[in-house]
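Coordinates in review
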Amino acid sequence: MASIVTYKYIKQNPDIMEYIRRADKALEALGYTEHSFAHVERVAATSALILESLGFDERTVELARIASIMHDIGNVINRIDHAQSGAVMAFRLLDNLHMPASEICSIISAIGNHDEGTGQPLDPISAALIIGDKTDVRRSRVRNTDLLTFDIHDRVNYAVEVSKVYFNEKKTSIILDLQIDTEISSVLEYFEIFMNRMLLCRRASEFLGVQFEMIINGSKIL
Ligand SMILES: [Fe+2]
Ligand SMILES: [Fe+2]
């Protein structure tokens, strides 16, 4: 029998929490930035905000939250193709919770399409997850505490002092508004790392019928 699986329920599921924790540990071992609860909860908040603001129904918003919190678990298997392996893991986990197939489809499509290498927005949930994920840049994602050994990924994340995602007043644009310390990383360096992600955000926003804009240190860049 099908059951209603909530975001709250997923967050209290010890197995799913273990996969999130271990996926992040695997990335820590590889020297990646933080992909743990701070990341996935922030992605959930952003994707929900986007769909709520655009008037999507409550269940669609809830499914976006669930897809968001589970989107990086595939990293426990391997960083490469983690979107696809994570989608297969989520399929089994959610099927075991008796989530209806129609809902599982939305979630695994979103998880399987969130990475900029292979992902494409397919529906509102996948589009919202892409934007939530790719806009999470912030100083607290950097684990390396030694500035002297920072690589470019550490630098671009560490340089971001304030990062906000919001809609313009008419709700025709999603705006990523960053405050960057250009002593740590230049705007150019930022783009070197994030260009593909920003282009994917643009495609995802277009899919939702809105524009994607970027403001860095008060100037409109995109
Ligand atoms: Fe990911
Ligand atoms: Fe992510």
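Shown above is the structure to which this text applies.
Before going into details, it helps to say that this report is about the structure given with it. (Residues numbered from 1 in each chain as written. Chains lettered and ligands numbered in written order. Predicted model: local features only at pLDDT ≥ 70, side-chain atom pairs only at ≥ 80, totals over all residues. Heavy atoms only, no water.)

What about the coordination of the iron ion (ligand 1)?
- Protein coordination of the iron ion (ligand 1) is provided by Asp72 (OD), His82 (NE2) and His114 (NE2), with donor distances spanning 2.1 to 2.2 Å.
- Each donor residue of the iron ion (ligand 1) belongs to the same chain, with the gaps between them written as D-x9-H-x31-H.
- For the pair the iron ion (ligand 1) and the iron ion (ligand 2), the metal-to-metal distance amounts to 3.6 Å, and Asp72 bridges them. A residue pair is termed long-range when its members are at least 10 positions apart, and Asp72 in the loop between α4 (58-70) and α5 (82-96) and His114 in the loop between α6 (101-112) and α7 (124-134) qualify at 42 residues. The pair Asp72 / His114 is uniform in exposure class, with both members buried. (Donors = N, O, S within 2.8 Å, 3.2 Å for Na, K, Ca; no water. Helix = DSSP H or I, 4+ residues; strand = E, 2+ residues; numbered from the N terminus. Buried < 20%, exposed > 50% of the residue type's maximum accessible area, 1.4 Å probe, protein only.)

Details of the pattern of salt bridges
- In the structure shown here, the tally under the stated rule is 17 salt bridges.
- Salt-bridge contacts for Arg22 lead to Glu18; the nearest nitrogen and oxygen are separated by 3.8 Å. Of this pair, Arg22 and Glu18 both sit in helix α2 (residues 14-29), four residues apart, which is roughly one turn of the helix.
- Connected through shared salt-bridge partners, Glu34, Arg42, Asp136, Arg138 and Arg141 make up one network. (Salt bridge = Lys/Arg side-chain N within 4 Å of Asp/Glu carboxyl O.)

Brief notes about the side chain of Thr60
- You can see Thr60 is positioned in helix α4.
- For Thr60, a relative accessible area of 17% translates into the label buried.
- Not counting chain neighbours up to four residues away, the residues in contact with Thr60 comprise Leu51 and Ile125. (Contact = heavy atoms within 4.5 Å.)

Some points on the coordination of the iron ion (ligand 2)
- Each protein donor to the iron ion (ligand 2) is listed here as His39 (NE2), His71 (NE2), Asp72 (OD) and Asp133 (OD); together their distances run 2.2 Å.
- Note that the iron ion (ligand 2) binds four donor atoms; their angles at the metal cover 81 to 171°, and the shape is irregular. (Tetrahedral: all angles 85-135°; square planar, octahedral: opposite > 155°, others 65-115°.)

Description of the side chain of Glu34
- Tracing the backbone shows Glu34 in the loop between α2 and α3 (37-53).
- Of note is the side chain of Glu34, whose polar atom sits 3.1 Å from the backbone nitrogen of His39.
- Ignoring sequence-local partners within four residues, the contact set of Glu34 consists of Asp24, His39, Arg138, Ser140, Arg141 and Arg143. (Polar contact = N/O pair within 3.5 Å; in protein donor to acceptor, adjacent residues only side chain to side chain.)

Re the sheet that holds strand β3 (residues 211-216)
- The mixed open sheet is built from four strands, whose spatial order is β1-β2-β3-β4. In this open sheet, the two edge strands, each paired with only one partner strand, are β1 (160-167) and β4 (219-220).
- As defined by bridge partners, β3 adjoins β4 across two bridges and the pair is classed as antiparallel. Residue Ile216 lies in a different strand from β4, and its bridge partner there is Ser219.
- Along the sheet, α3 makes contact with β1 and β2 (173-180), crossing β1 at roughly 25°.
- On the sheet, helix α8 (residues 152-159) packs against β1 and β2 and is oriented at approximately 65° with respect to β1. (Pairing = 2+ DSSP bridges. Axes fitted to C-alpha atoms, helices over the stretch in contact; angles between N-to-C directions.)

Function-wise, these values are silent; they only describe arrangement.
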